[in-house]
Amino acid sequence: MRTQTQEQEWTAPAGAPQAQHPSRAPAEDATRAAGEIRLRGTMRIGPEGHLWIGGCDTVDLARRFGTPLFVYDEALIRAQIRAFHEAFRETGLAYEIAYAAKAFCTVAMCQLAAEEGLAVDAVSGGELLTALRAGVEPRRIHLHGNNKSQAELELAVRSGIGYIIVDNFVELEMLDAVARDAGVTVDVLLRVAPGVEAHTHEYISTGQQDSKFGFDWENGQAREAIRRLGAHLGLRCIGLHSHIGSQIFDAAGFVTAIERVTELYAEGVALGLPFRVLNVGGGFGIRYTAEDDPEPIRRQIHTIADAVRSAFSASGLPLPEVAVEPGRSIVGEAGTTLYTVGTHKVIPGVRNYVSVDGGMTDNPRLALYGARYEAALANRVNEAPDGVWAVAGKCCESGDMLIWDASLPDPRPGDVLAVFCTGAYNYSMASHYNRNPNPAVVFVRDGEATVVVERETWEDLLRLDRPLRRG
Ligand SMILES: *Cc1c(COP(=O)(O)O)cnc(C)c1O
């Protein structure tokens, strides 16, 4: 029998929906063996040895809705959001939390984000339209991007969104023209590239000038942009933005960025710009595997708040509204992908491959970044692993792998494989390679499963095709 390890770092704030915890086994990190299952949120193991999420048997979900299937634990998403709110409330600062929709952008998710008091960050016309259709208040939508099109800027201005994060000098001119044409003044933040880049537990504060995003801090472009803003009558710059990376494990990189951006903020205020927002971006890390050990959200938010207070008081500035833009940390751990096991190939002394009915089309992150995941057989969760399996997708590409080293009981055709922590940057990065349709997405909560995105059909894939005309 496998041991069940409960997520230790995740602390639900007061008032958050409580996970239905199974009886806890002792869960010292040191005793975690390969094959143990980290039960996140409302996950539990049912009496028949099936994995349950949100009060639903995942084996049942796979049967009802087909596979591959994205299953989101709604209570866990809400709890993650509430943890951010709670941390900010403790700091006493004015704040806004914007969900970075690119992590997982659907109407239902934007609705949920708005219900939980989040603003929504869009980075394209498509994401912007999704947030609008979801009924997100336009004032609570922000638009990002290093190459926003004229049409995207026009949609944003016409819709009256809260602010646009201006990324470069070309956009500054374009947006000013769009605003004047529309006869409005548009609120903007300037995106500063602060020369700090953070990934996981490392951050590098030199040599990161080389980025396509934002006005450079070090070479004076950001300062120049602030100076030029006075001449753009269509734009009202209400603050500054920086974003230092993703899957950040501790807040040290934020502190350096805040110190640098605060210098510019002080210059803008001295020039009479109506600054009131300091947006420090997203990137809060999550626990994909047992090796990942991010600082709790609460501690990172407190570090950020302390850095803002001390930088602003050192500059004699009134405190700003602090904005953050989490994506991955809101939805990543709440998502689980269910696949049906198909064929396998055992190469003695080399590797055991098992193939599932999805792959890089619904999860390109191993192919893109060498990302690591953990998995279990959802219909046989209590069985001890027999070996290490390389989990392959069904695409015509050797790099189409989901996991290189999953400890599993010998997988049999028809088993349901659950890959954990797939809620961020999977569905949103899905492709149609090999003309595979995109999976369905269900939200589960209190025993109810709601389809929030339908599965595509083969016919859907042909919807935009037109025959070749001859003669
Ligand atoms: C991607 C991105 C985010 C969200 O990053 P996560 O790692 O998903 O939290 C936030 N802000 C900006 C500007 C981004 O590009």
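Quick caveat: nothing in here was measured; it's all calculated off a predicted structure.

## Considerations on the overall build of the chain
Move 1: The secondary structure content of the chain amounts to 12 helices and 26 strands.
Move 2: Principal-axis analysis of the C-alpha atoms gives the chain an extent of 70 × 70 × 40 Å.
Move 3: Of all 471 residues assigned to the chain, the portion counted as buried reaches 56%.
Move 4: Taking contacts inside the chain between residues at least 6 apart in sequence as the whole, the part at least 24 apart equals 71%.

## Considerations on the site of the ligand
Move 1: Near the ligand, the surroundings consist of 14 residues, among which Lys102, Ser246, Glu325, Arg328 and Tyr425 are the closest.
Move 2: Arg328 is positioned with one of its backbone polar atoms (N or O) 2.7 Å from an oxygen atom of the ligand.
Move 3: Residue Tyr425 places a side-chain N or O atom 2.5 Å away from an oxygen atom belonging to the ligand.
Move 4: Compared with its free state, where it exposes 380 Å², the ligand has 93% of that area covered by protein.

## Regarding the domain arrangement of the chain
Move 1: When cut into domains, the chain gives domain 1 (3–73 + 334–459) and domain 2 (92–331).
Move 2: Listed as interface residues are 23 residues of domain 1 and, on the opposing side, 17 residues of domain 2.
Move 3: Taken together, both faces of the contact between domain 1 and domain 2 bury some 1800 Å²; the carbon and sulfur share is 56%.
Move 4: For the interface between domain 1 and domain 2, the tally reads one salt bridge.
Move 5: For Glu291, the salt bridge identified is with Arg372, shortest N-O distance 2.4 Å.
Move 6: Applying the counting rule to domain 1 against domain 2 returns eight residue pairs in polar contact (both at pLDDT 80 or more).
Move 7: Residue assignment for the side of domain 1 that touches domain 2 shows that the elements contributing at least two residues are strand E25 (440–445) and strand E26 (448–453).

## A short note on unusual backbone geometry
Move 1: At the junction of Thr67 and Pro68, the peptide bond is cis and its omega measures out at -10° in the coordinates.
Move 2: At Gln247, a residue that is not glycine, the phi angle is positive and equals roughly 55°.
Move 3: Tracing the chain through its elements places Gln247 in strand E16 (residues 245–248).
Move 4: Residue classification places Gln247 among the buried residues on the basis of a relative accessible area of 10%.
Move 5: Despite not being glycine, Tyr425 has its phi angle at roughly 55°, a positive value.
Move 6: Here Tyr425 lies in the loop between strand E24 (416–420) and E25.
Move 7: Given a relative accessible area of 11%, Tyr425 falls into the buried group.

## So, the state of the cysteines
Move 1: Tallying each qualifying case throughout the model produces zero disulfides.
Move 2: There is no disulfide at Cys395, and the cysteine sulfur nearest it, in Cys396, is 7.7 Å away.
Move 3: Classification of Cys395 by relative accessible area gives buried; the value is 9%.

## Things to note about helix H7 (residues 221–228)
Move 1: Listing the buried residues of H7 in full gives Ala222, Ala225 and Ile226. Buried residues in H7, looked at end-on, bunch into an arc of 100°, giving them a common side.
Move 2: Those residues of H7 that are buried are in contact with helix H6 (169–182), strand E11 (186–193), strand E14 (215–216), strand E15 (235–241) and helix H8 (252–270).

## A closer look at the packing of aromatic side chains
Move 1: Tallied over the entire structure, the rule returns 12 aromatic pairs.
Move 2: Pairing Phe84 with Phe284 gives two aromatic rings, centres 5.3 Å apart and planes at 75°, and the pair type is edge-to-face. Taken together, the residues Phe84 in helix H2 (residues 74–91) and Phe284 in the loop between strand E17 (277–279) and helix H9 (297–314) connect sequence positions 200 residues apart. For the pair Phe84 and Phe284, a shared accessibility class is recorded, and that class is buried.
Move 3: Seen in terms of ring centroids, Phe169 and Phe215 are 4.9 Å apart; in terms of plane orientation they differ by 75°. Their pairing is edge-to-face. Placement of Phe169 in helix H6 and of Phe215 in strand E14 is noted, with a sequence separation of 46 residues between them.

## Comments concerning the nonpolar core
Move 1: Among the nonpolar cores identified, the biggest contains 88 residues, and Ile77, Tyr99, Ile164, Leu190 and Val331 are the most heavily contacted of them.
Move 2: Top element by residues in this core is H9. It accounts for eight residues.
Move 3: Three or more residues apiece are contributed to this core by two domains, here domain 1 (3–73 + 334–459) and domain 2 (92–331).
Move 4: Ile164 has contacts with Leu143, Lys148, Leu153, Ala156, Val157, Glu171, Leu175, Val186, Asp187, Val188 and Leu189, leaving out every residue within four places of it along the chain.

## Describing the pairing of strand E20 (residues 351–356)
Move 1: Judged from the five bridges that link them, strand E19 (residues 335–347) and E20 form a sheet pairing that is antiparallel. Bridge pairing links His344 to Val354 in E20.
Move 2: Between the antiparallel neighbours E19 and E20 lie three residues, among them Gly349 with a positive phi of about 75°.
Move 3: Sheet topology note: the E20/strand E22 (residues 387–392) ladder contains three bridges and is parallel. Bridge pairing in E22 links Ser355 to Ala392.

## Side note on the sheet that holds strand E3 (residues 44–45)
Sheet strands line up and pair through hydrogen bonds in the backbone, either parallel or antiparallel.
Move 1: Taken together, the three strands give an open sheet; going across it, the order is E3-E4-E5, and neighbouring strands pair in antiparallel fashion. This sheet does not close on itself; its edge strands, each paired only once, are E3 and strand E5 (56–57).
Move 2: Where E3 and strand E4 (residues 51–53) come together, two bridges link them in antiparallel fashion. Across the sheet, Arg44 pairs through a bridge with Trp52, a residue of E4.

## Quick look at the pattern of salt bridges
Move 1: A complete count under the given rule lists 26 salt bridges for this structure.
Move 2: Arg139 serves as the salt-bridge partner of Asp187, at 3.8 Å between the closest nitrogen and oxygen. Pair noted here: Asp187 is in strand E11 and Arg139 is in the loop between helix H4 (125–133) and strand E9 (141–143), with a separation of 48 residues, a long-range link.
Move 3: Beyond isolated ion pairs, a larger network of salt bridges with shared partners links Glu74, Arg78, Arg82, Glu115, Glu116, Arg445 and Asp446.

Each value, and the rule that gives it
Residues numbered from 1 in each chain as written. Predicted model: local features only at pLDDT ≥ 70, side-chain atom pairs only at ≥ 80, totals over all residues. Heavy atoms only, no water. Helix = DSSP H or I, 4+ residues; strand = E, 2+ residues; numbered from the N terminus. Buried < 20%, exposed > 50% of the residue type's maximum accessible area, 1.4 Å probe, protein only. Contact = heavy atoms within 4.5 Å. Near = heavy atom within 4 Å. Polar contact = N/O pair within 3.5 Å; in protein donor to acceptor, adjacent residues only side chain to side chain. Areas by Shrake-Rupley, 256 points an atom, 1.4 Å probe, with all protein chains shown as cover. Domains from an automatic or database assignment. Buried area = accessible area lost by both parts, 1.4 Å probe. Salt bridge = Lys/Arg side-chain N within 4 Å of Asp/Glu carboxyl O. Disulfide = S-S within 2.5 Å. Arc of directions from axis to C-beta. Phe/Tyr/Trp six-rings, centres within 6.5 Å; stacked < 30°, edge-to-face > 60°. Core = buried A, V, L, I, M, F, W, Y, C linked by side-chain atoms within 4.5 Å. Pairing = 2+ DSSP bridges.

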